[in-house]
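# Structural overview
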Amino acid sequence: MNRFEYANPRLLPNELNVRRDFGVRLYDGDVKTQFEGGQLYITTHRALWGRPDDIPRGNTCLSLPLRYVVFHEEESPGPFSFRRNNKVILHLSEPSPDKMPGPAENSAFNYIKLSFKEGLDSNFIVELRDVLRKRTWESDPPIPYQLTDMNIQSLRITSKPLPQIKTRTGIIGIERSLQEQQKATDESISKAFQDLKKLMEMAKDMVAISKTISAKIRERQGDITEDETVRFKSYLMSLGIDDPVTRDAYKSSNEYFRQLAMQLAHILEEPIKEVGGMMTLTDVYCRVNRARGLELLSPEDLLNACRQLASLSLPIVLRIFDSGVMVLQIRSHDDFAVADSIADLLQERGSLTAEELARSEGISVLLARERLLVTEKHGKACRDDTIEALRFYPNLFLEENA
């Protein structure tokens, strides 16, 4: 909540309305605040929140500059919840030093939640995403009004309040909206290809350097010492994989996947150990393609290679959890040891959610959730599934005096 500012509910001279929603409650992270049942206005520059009687009268409201929003996501009620008030999570950057006064000076969270009492309108996410994508506040910075009375509690603004939102309806409005989206998409694609062209030019030089060093090491015609070999190899490690396995180098797909699996095991064994012995397949895909430079792998080739790991007796193997999540893990990884470790942590903390465990262990929320589920599967944890979160507790039935 420390990103919110007290503000004039009147639109800025260069600001436009996007939408209005009723019955909105603000959360500071996962904590409920006293700001409930208000109206939420999304503009091209800000998110404005005020009580139903305040904004129409021009009284002070809460303002969140949209430049703070890093990304957003929708949080739906749990599978056993009968409530319909969906929430939207806004992940925020750090507040700027020149931020105006607001309802809170400090906050333990880097995100807020918007809870919609009457249910989340299906167009809210679409319109919010469009506003954040356009980033109007960068090309057309806000022009603030000069406030003469700095006493927020007694501030009463008698100027014109926010007008009613006008939405486009009919075929013409839909066509116009599609044309604007298509134009913005074309501009984004053009910029992306310009950046990609520069990146490819730089990558070609790096790959050429890598191949030259590799050839020099292979030759070893007496003009390169052992110390220089070690130094060259360290250069190659910083550049990425110096000789990536490619499909066109092998006649059969099976041999290609086997060689690719061995290369995966070679480059991923240490990184997987460093993150606790397990890494999601999405993280593996990003790491491997970043190291391969221009010789990118397709998701299908990566998955087929990972399926070869177990049969080749390599130090890492593919594992698929009951939930369908795929990970690469160290072959010596022991679920019993993980369950014991999480059970001890539950005894120490009293309870844990996946987010809390992820912060504590420095792993992704997805892996933290799977570790808690493994602990539950081994009978060393019990769950409490509510609308707030899926929380795990120690299994008191295992204690003699319980």
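Residues numbered from 1 in each chain as written. Predicted model: local features only at pLDDT ≥ 70, side-chain atom pairs only at ≥ 80, totals over all residues. Heavy atoms only, no water.

## Some remarks on the overall build of the chain
Note the cut-off: What counts as a helix is a DSSP run of H or I of at least four residues, what counts as a strand is a run of E of at least two, and both are numbered from the N terminus. Throughout this description, buried means an accessible area under 20% of the type-specific maximum (1.4 Å probe, protein chains only), exposed means over 50%, and partly exposed covers the range between. Residue contacts are counted whenever heavy atoms from the two residues lie within 4.5 Å of one another. Working definition of accessibility: Shrake-Rupley area with a 1.4 Å probe, residue cover restricted to the visible protein chains.
Helix and strand content of the chain: 10 helices and 15 strands. Counting all 402 residues of the chain, 39% fall into the buried class. For the chain, restricting intrachain contacts to residue pairs at least 6 apart in sequence, the fraction spanning at least 24 positions comes to 60%. Carbon and sulfur atoms provide 53% of the accessible area of the chain, an area that totals close to 23,900 Å².

## Digging into the confidence of the model for the chain
Basically, it comes down to this: Each residue carries a pLDDT score, the predictor's own confidence in it, on a scale running from 0 to 100.
In the predicted model, the chain carries a mean pLDDT of 78, and 73% of its residues have values of at least 70. No element of the chain has a lower mean pLDDT than helix H4 (residues 226–239), at 54, and none a higher one than strand S15 (residues 390–394), at 92.

## Looking at the sheet that holds strand S14 (residues 381–385)
Through backbone hydrogen bonds, the strands of a sheet pair up, either in parallel or in antiparallel fashion. Short version of the rule: Two strands make a pair as long as DSSP finds a minimum of two bridges between them. Axis geometry follows a simple rule: fit a line to the C-alpha atoms, using only the stretch in contact for helices, then measure angles between N-to-C directions, giving values from 0 to 180 degrees.
Strand order in this open sheet of three strands is S13-S15-S14, and the pairing throughout is antiparallel. The two strands at the open ends of the sheet, each matched to only one other strand, are strand S13 (352–353) and S14. Sheet topology note: the S14/S15 ladder contains five bridges and is antiparallel. Directly across from Ala381, in S15, lies its bridge partner Pro394. Of the strands in this sheet, S13, S14 and S15 touch helix H8 (residues 335–349), which is tilted by about 90 degrees from S15.

## Section: the pairing of strand S5 (residues 46–50)
Of all five residues that make up S5, five are buried, and the element is covered over most of its length. Of the two faces of S5, the one carrying Arg46, Leu48 and Gly50 and the one carrying Ala47 and Trp49 are both buried. Direction of pairing for strand S4 (residues 38–43) relative to S5: antiparallel, over a ladder of four bridges. The residue of S5 that forms the bridge with Gln39 is Gly50. Hairpin connection between S4 and S5: a loop of two residues separates the two successive antiparallel strands. Sheet analysis places S5 next to strand S6 (residues 61–65), joined by four bridges and oriented antiparallel. Note on S6: the bridge partner recorded for Ala47 is Leu64.

## Brief notes about the pattern of salt bridges
The test is simple: Whenever Lys or Arg places a side-chain nitrogen within 4 Å of a carboxyl oxygen from Asp or Glu, that contact is recorded as a salt bridge.
According to the stated counting rule, one finds 18 salt bridges in the structure shown. The salt bridge partner of Arg19 is Glu127, with a shortest N-O separation of 3.2 Å. Here Arg19, found in strand S2 (residues 17–28), pairs with Glu127, found in helix H1 (residues 122–134); they are 108 residues apart in sequence, far enough to count as distant. A residue is classified by how much of its surface remains accessible, and Glu127, at 24% relative accessible area, is partly exposed. Asp130 is the partner of Arg133 in a salt bridge, and the nearest nitrogen-oxygen pair spans 2.6 Å. Taken together, the positions of Arg133 and Asp130, both in helix H1 and three residues apart, correspond to about one turn of that helix.

## Describing the sheet that holds strand S11 (residues 316–320)
Strand order across the open sheet formed by three strands is S10-S12-S11, with antiparallel pairing between neighbours. With partners counted over all chains shown, the strands left at the sheet margins are strand S10 (278–280) and S11, one partner each. When strand polarity is set aside, the average angle formed by the axes of neighbouring strands in this sheet is 30 degrees. As defined by bridge partners, S11 adjoins strand S12 (residues 326–330) across five bridges and the pair is classed as antiparallel. Looking at the pairing, Leu318 lines up with Leu328 of S12. Sheet contacts for helix H6 (residues 281–292): S10, S11 and S12; angle to S10, the most-contacted strand, approximately 85 degrees.

## Considering the packing of aromatic side chains
What counts here: Centre distance within 6.5 Å is the pairing criterion for rings of Phe, Tyr and Trp, where only the six-membered ring of Trp is used; planes under 30 degrees apart are then read as stacked, over 60 as edge-to-face, and the remainder as tilted. Consider the ring centre and the ring normal. A charge sits over the ring if Lys NZ or Arg CZ is within 6 Å of that centre and within 35 degrees of that normal.
In this structure the tally under the stated criterion is four aromatic pairs. Ring centres of Phe116 and Phe124 lie 5.0 Å apart, and the angle between their planes is 65 degrees; this geometry places the pair in the edge-to-face category. Phe124 carries the same exposure label as Phe116, and that label is buried. One Lys or Arg, Arg67, reaches over the ring of Tyr68 and ends 4.9 Å from the middle of that ring.

## A few points about H8
This is how the line gets drawn: By this rule, a helix spans an expected 1.5 Å times one less than how many residues it contains.
A rise of 1.5 Å per residue sets the reference length of H8, with its 15 residues, at 21 Å; its end C-alpha atoms lie 21 Å apart and thus fit the reference within 8%. Structurally, H8 contributes buried residues whose contacts are with S11, S13, helix H9 (354–361), helix H10 (365–377), S14 and S15. Two residues or fewer after H8 comes Gly350, characterised by a positive phi angle close to 95 degrees.

## Some remarks on the nonpolar core
As a rule of thumb, nonpolar side chains are buried together in soluble globular proteins. Definition in use: For our purposes a nonpolar core is just a set of buried Ala, Val, Leu, Ile, Met, Phe, Trp, Tyr and Cys residues, chained together by side-chain atoms within 4.5 Å.
Ranked by size, the top nonpolar core spans 28 residues in total, and within it Leu26, Leu40, Leu64, Leu90, Leu114, Phe116 and Phe124 carry the most contacts. Secondary structure elements with two or more residues in this core: S2, S4, S5, S6, strand S8 (87–92), strand S9 (111–116) and H1. With five residues, the top contributor of residues to this core is H1. Ignoring sequence-local partners within four residues, the contact set of Leu40 consists of Arg19, Arg20, Asp21, Val24, Ala47, Leu48, Trp49, Leu114, Phe116 and Phe124. Judged by nonpolar contacts, the second largest core, of 23 residues, contains Leu260, Leu268, Leu302 and Ile316.

## Looking at H10
For H10, with 13 residues, the first-to-last C-alpha span of 18 Å sits near the 18 Å given by 1.5 Å per residue. After H10 finishes, the residue Gly379 shows a positive phi value of roughly 80 degrees.

## Focus on unusual backbone geometry
One non-glycine residue, Arg135, adopts positive backbone phi at about 50 degrees. Structurally, the position occupied by Arg135 is in the loop between H1 and helix H2 (136–139).

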